[in-house]
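Observations on the three-dimensional arrangement
Each chain, letter by letter, is given below.
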Amino acid sequence: MTASGSGIAILGGGMGGFGAANQLHELGIRADLYDQRDRPGGLTSSFGSGDGFIFDEGVHISFTKSDRVKRLFEESTAGRFETGNVYCNNYWHGHWIKHPAQVNLHGLPTDLIASCIADFVKAAGNQAPVINNYEDWLLAAYGPTFANTFPMVYTRKYHTTEAANLTTDWLGPRLYRPSLDEVLKGALEHEPLDVFYVNEFRYPSEGGFEGFMRGLFPKANVNNDHRVTNINTKTKTLRFGNGKTVDFSHVISSIPLPALIPLIEDAPAEVLAAAGRLACSQCVVVNIGLNRPVVTKPQWSYFYDEDLPFARISYRANLAPASVPEGCGAFQAEIYFSEKYKPLTGTPQDWIEPTIDAMLRCGLIADRSEIIHQSAIWIPYGNVIFDHDRKDALATVHGYLDEVGIAYCGRFGTWGYIWTDAAFLSGEKAARRVLGRDADDQ
């Protein structure tokens, strides 16, 4: 069956895809958007469990500084959203300390604090250390005690590989480099500083994080259950798993690059190989609902113990009270894997019991009788892994896509460490690019 497309085809219904749809809509163009799922939303989708709990695909908040994106998100929720100040903390061997740990050592064992400070002073005195990888950066920034106790362990849990295997291209503002005064102050006093790169956050009052996107859905012709099986850039046709074929004038894709390149007919072997070298994490999100409220200050916590499977846990009611039934509470725990470095063992459901066991050991759950909901979500694309293969492989893949005229956007189209607002804006940029309006970039 052959149908005539609307001209511009958007592949993928996440933030990047709807960023493109929004930009085209504002320019008077209604694009056709295709997504393999039975509903739009991508990684920002939210799910009702049928028992009153609402879960996202991991922890999502909006902390965009863009007034225009804020306005779009506000309109999408009809002005119904929660605001708050971000507070997150860390768990290490029974100790809870505010995040980031490097300026919140107070309350940890005295010997550990002393060693961290001594190493920090020595590291600060080193002149122009050679930085070849993320491990070098951590040692230069914090010294070996803190680096090996906290961020290097977390790197293995979150990025699924050693810090030496990563570049520093992704860092940006994410890891704070304190002064000696800040380290000392945070060692002597309880939570004296607010230096986290996220401050105010927003979250929809009802329906989960997806609420920030629902107002965008009408801005394109959305075609669900459309899994792309072939892209022919010469005949300008798309073929889908349901047998449908459509013509296009332009394609904007947020499909993950390793999945996109094999879909393109006659893609060169070297480009296919480059796409295969791009690594990303995969995530099992374990959802746990309790028959009582979870009374805690943070929106999420980081976990450094290697015998605890999860790297991070978020607290649903602290994002929006309506995410849980009245009188109840819920957690979402994130456990990371990757095809390249740490393949998934078992099934996602197999990780529910280890998660519950670890929560009991941490004191998050008092007794199994409290649990009234348990489920698991499998996310095959979690976060880009900035290993040493990425830069050259990405240049090859993006160069080829530019050559054949396929625009790319979103976290896994740009293959970058970007948040929801940046993914949305990348979609808008891709839309301007296909229209030849690069000079309009914002």
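Everything discussed here concerns the structure shown above.
In this text, all values refer to a predicted model and were calculated from it rather than measured experimentally.

Quick look at the overall build of the chain
Along the chain, the regular secondary structure elements total 14 helices and 20 strands. Relative to its length of 442 residues, the chain is compact, with a C-alpha radius of gyration of 23 Å against a globular reference of 22 Å. For the chain, the C-alpha atoms occupy an extent of roughly 70 × 55 × 45 Å along the three principal directions. Residues classed as buried in the chain amount to 57% of the 442 residues present. A separation threshold of at least 6 residues defines the contact pool for the chain, and within that pool the share at least 24 residues apart is 73%. The average position of the 39 basic charges and that of the 51 acidic charges among the side chains of the chain differ by 3 Å.

Details of the nonpolar core
Among the nonpolar cores identified, the biggest contains 110 residues, and L105, I231, L238, I252, I261, I264 and L401 are the most heavily contacted of them. Discounting chain neighbours no more than four positions away, the residues touching I252 are I8, A9, I10, L11, A20, L24, A407, C409, A430, A431 and V434. Counting 25 residues, the second largest nonpolar core, distinct from the first, contains I288, F310, A333 and M359.

Section: empty space enclosed by the protein
Under the counting rule described, the total for this entry stands at 2 cavities of 30 Å³ or more. Within this model, the largest cavity holds a volume of roughly 60 Å³. Lining the largest cavity, in full, are Q102, L105, C116, I117, F120, Y142, F146 and V183. The element best represented in the lining of the largest cavity is helix α3 (residues 110-125), accounting for 3 residues.

Topic: the sheet that holds strand β16 (residues 300-303)
The sheet built from 7 strands is open, its strands ordered β8-β7-β16-β17-β18-β15-β19 with mixed pairing. In this open sheet, the two edge strands, each paired with only one partner strand, are β8 (95-98) and β19 (371-379). Direction aside, neighbouring strands of the sheet carry axes that sit 20° apart on average. The strands touched by helix α6 (residues 151-158) are β16, β17 (312-315) and β18 (329-337); relative to β16, the strand with the most contacts, the crossing angle is about 105°. Strand contacts of helix α11 (residues 352-362): β7 (88-92), β8, β15 (282-290), β16, β17, β18 and β19, with the helix running at about 125° to β19, the strand carrying the most contacts.

Regarding the pairing of β17
Across the two faces of β17 the burial is the same, with R312 and S314 and I313 and Y315 all buried. The sheet contact formed by β16 and β17 spans 3 bridges and is antiparallel. Within β17, the position partnered with W300 by the bridge is S314. Pairing geometry for β17 and β18, over 4 bridges, is antiparallel. If you follow S314 over to β18, its bridge partner there is Q332.

What to know about the packing of α3 against helix α4 (residues 134-142)
Any two packed helices are characterised by the angle at which their axes cross and by the distance between the axes. Here α3 crosses α4 at 100°, and the two axes come no closer than 6 Å. Taken together, the axes of α3 and α4 are roughly perpendicular relative to one another. Of the residues in α4, those in contact with C116, D119, F120 and A123 of α3 are L139, A140, A141 and Y142.

Here we look at a nonpolar patch on the surface
On the surface, V121, L180, L184 and L188 cluster together into a nonpolar patch covering about 350 Å² of accessible area. A per-element tally of the nonpolar patch places helix α7 (residues 180-188) first, with 3 residues. Structurally, the position occupied by L184 is in helix α7.

Some thoughts on the sheet that holds strand β14 (residues 250-253)
Strand order in the open sheet formed by 5 strands is β10-β3-β2-β14-β20, and the pairing between neighbours is parallel. Unpaired on one side and paired on the other, β10 (221-223) and β20 (406-408) mark the two borders of the sheet. Strand-to-strand twist in this sheet, taken as the mean axis angle between neighbours without regard to direction, amounts to 25°. Sheet topology note: the strand β2 (residues 8-11)/β14 ladder contains 4 bridges and is parallel. Paired with L11 across the strands is S253, a residue of β14.

Considering the packing of aromatic side chains
Two aromatic rings, taken as a pair, are described by how far apart their centres are and by the angle between their planes. On inspection of all chains with the given rule, the structure shows 28 aromatic pairs. Here W96 and F303 contribute two aromatic rings whose centre-to-centre distance is 5.7 Å and whose plane-to-plane angle is 85°, an arrangement assigned as edge-to-face. One end of the pair, W96, is in strand β8; the other, F303, is in strand β16, and 207 residues separate them in sequence. Classification of W96 as partly exposed rests on a relative accessible area of 36%. We note K297 situated over the ring of Y87; from NZ or CZ to the ring centre the distance is 4.2 Å. It is R433 that lies over the ring of Y408; its NZ or CZ is 5.4 Å from the centre.

Each value, and the rule that gives it
One numbering rule holds for all chains: residues counted from 1, following each sequence as written. In keeping with the model being predicted, local features are shown solely for residues with a pLDDT of at least 70 and side-chain atom pairs are shown and tallied solely at 80 or more, while totals for entire chains, interfaces and linings include all residues. Values shown for side chains rest on all heavy atoms present in the structure; no hydrogens or waters enter the calculation. Under the scheme used here, helices are H or I runs from DSSP no shorter than 4 residues and strands are E runs no shorter than 2 residues, and both carry numbers assigned from the N terminus. Here the globule rule reads 2.2 Å times residues to the power 0.38, and the radius of gyration is calculated from C-alpha atoms. Exposure classes here rest on a 1.4 Å probe applied to the protein chains alone. A residue is buried below 20% of its type maximum, exposed above 50%, and partly exposed in between. Pairs of residues are marked as contacts when any of their non-hydrogen atoms sit within 4.5 Å. As used throughout, the charge tally considers Lys and Arg to be positive and Asp and Glu to be negative, leaving His and the chain termini uncounted. In plain terms, the charge of a residue is placed at NZ if it is Lys, CZ if Arg, CG if Asp and CD if Glu. Think of a nonpolar core as a cluster: buried Ala, Val, Leu, Ile, Met, Phe, Trp, Tyr and Cys residues, connected wherever their side-chain atoms sit within 4.5 Å. Throughout, the protein atoms alone are placed on a 1 Å grid, and a set of points is a cavity if a 1.4 Å probe fits but cannot get out or a pocket if it is open with protein on both sides within 12 Å along at least five of seven lines; lining residues have an atom within 4 Å of a point. Grid points are joined across faces, edges and corners, and a volume is the space filled by probe spheres set on the points. Note: two strands are recorded as paired if DSSP finds a minimum of 2 bridges between them. Angular values range over 0 to 180 degrees, each being the angle between N-to-C directions of two axes fitted as lines to C-alpha atoms, with helices fitted over their stretch in contact. In this scheme, roughly parallel covers angles under 35 degrees and roughly antiparallel covers those over 145, while 65 to 115 is roughly perpendicular and the rest are oblique. Put simply, a patch holds well-exposed residues, over 30% relative accessible area, that have no salt bridge, with like charges counted together within 9 Å and Val, Leu, Ile, Met, Phe, Trp or Tyr side chains within 5 Å. Here, Shrake-Rupley sampling with a 1.4 Å probe gives the accessible areas, and only protein chains in the shown set may cover a residue. Should a side-chain nitrogen of Lys or Arg be within 4 Å of a carboxyl oxygen of Asp or Glu, the pair is scored as a salt bridge. Working definition: a ring pair exists when centres of Phe, Tyr or Trp rings (six-membered ring for Trp) sit within 6.5 Å. Plane angles under 30 degrees give stacked, over 60 give edge-to-face, the rest tilted. Whether a charge sits over a ring depends on NZ of Lys or CZ of Arg being within 6 Å of the ring centre and within 35 degrees of the ring normal.

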